[in-house]
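One letter stands for each residue in the lines below.
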Amino acid sequence: MTHPAFRQVVLDAENARELAEFYRQLLDLRYEPGDEAPAEGEPDPSGADWLVLLGSDERRLLAFQQVEKLERATWPEGPRPQQLHLDFSVPSLDELRTHNIRALSLGATLLDDRIDDPDEALVVLADPAGHPFCIFVTAD
């Protein structure tokens, strides 16, 4: 018997290209061939539908699907709780501070700042489409 193979995480977005660019820059990923951004002023048919980002090992990691309307999660509570969130780790508190600033400069919104938490230093942010994600310090 075989089992399904994990393919990728897919995030819906009202602007798939913008969200893909956010994660491409934040995580230093690259587009699947054919999904690269077109030259300025050129049409972007892939960005209006579906985009895929690859890791350094060429594995598909994240995909972005264009949707007409997406209600932002009302994290941590409220009428539209998060259905899923992404976790990213860094090896040190200095790296956490650096990547928090990078994420904010790329368009993330800070939802919870626990950088100074002695038990678990982390930040909770929302990407430009409103999907919550965490960056935290871990030794592994």
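Preceding this paragraph is the structure being described.
Computed from a prediction, not measured in an experiment: that's the story for all the values here.

How should the overall build of the protein be read in this particular structure?
Assigned secondary structure in the protein consists of two helices and eight strands. Its C-alpha radius of gyration of 16 Å places the protein within 12% of the 14 Å reference for a compact globule of 140 residues. Taking the principal axes of the C-alpha coordinates as reference, the protein spans close to 45 × 40 × 35 Å. In the protein, which comprises 140 residues, the share counted as buried stands at 34%. The long-range fraction of contacts in the protein, counting pairs at least 24 apart against all pairs at least 6 apart in sequence, stands at 55%. Carbon and sulfur atoms provide 50% of the accessible area of the protein, an area that totals close to 8,600 Å². Across the protein, the mean location of the 12 positive side-chain charges is 2 Å away from that of the 28 negative side-chain charges.

Honestly, unusual backbone geometry in this entry has me stumped. Any pointers?
For residues other than glycine, phi is negative in most cases, and the peptide bonds are mostly trans. Between Trp75 and the following residue, Pro76, the backbone shows a cis peptide bond with an omega angle of 0°. On the secondary structure map, Pro76 appears in the loop between strand S4 (60-66) and strand S5 (86-90). The phi angle at Asp28 is positive, at roughly 55°, despite the residue not being glycine. Secondary-structure assignment places Asp28 in the loop between helix H1 (16-27) and strand S2 (30-31).

Could you clarify how one ought to interpret the packing of H1 against helix H2 (residues 93-105) in this entry?
Think of two packed helices as two axes; the pair is described by the angle between the axes and how far apart they sit. One can describe the packing of H1 onto H2 by two numbers: an axis separation of 10 Å at closest approach and a directional angle of 155°. By the angle between their axes, H1 is roughly antiparallel relative to H2. Crossing angle aside, the handedness with which H1 passes H2 is right-handed. Contacts between H1 and H2 involve Phe22, Gln25 and Leu26 from the former and His99, Arg102 and Ala103 from the latter. For the contact of H1 with H2, a count of residues per class yields three nonpolar, two polar and one charged.

The rules behind the values
Residues numbered from 1 in each chain as written. Predicted model: local features only at pLDDT ≥ 70, side-chain atom pairs only at ≥ 80, totals over all residues. Heavy atoms only, no water. Helix = DSSP H or I, 4+ residues; strand = E, 2+ residues; numbered from the N terminus. Rg over C-alpha atoms; globule rule 2.2 N^0.38 Å. Buried < 20%, exposed > 50% of the residue type's maximum accessible area, 1.4 Å probe, protein only. Contact = heavy atoms within 4.5 Å. Areas by Shrake-Rupley, 256 points an atom, 1.4 Å probe, with all protein chains shown as cover. Lys, Arg positive; Asp, Glu negative; His and termini not counted. Charge placed at Lys NZ, Arg CZ, Asp CG, Glu CD. Axes fitted to C-alpha atoms, helices over the stretch in contact; angles between N-to-C directions. Parallel < 35°, antiparallel > 145°, perpendicular 65-115°, else oblique. Left-handed = near helix turned anticlockwise from the far one by under 90°. Nonpolar A, V, L, I, M, F, W, Y, C, P; charged D, E, K, R; others polar.

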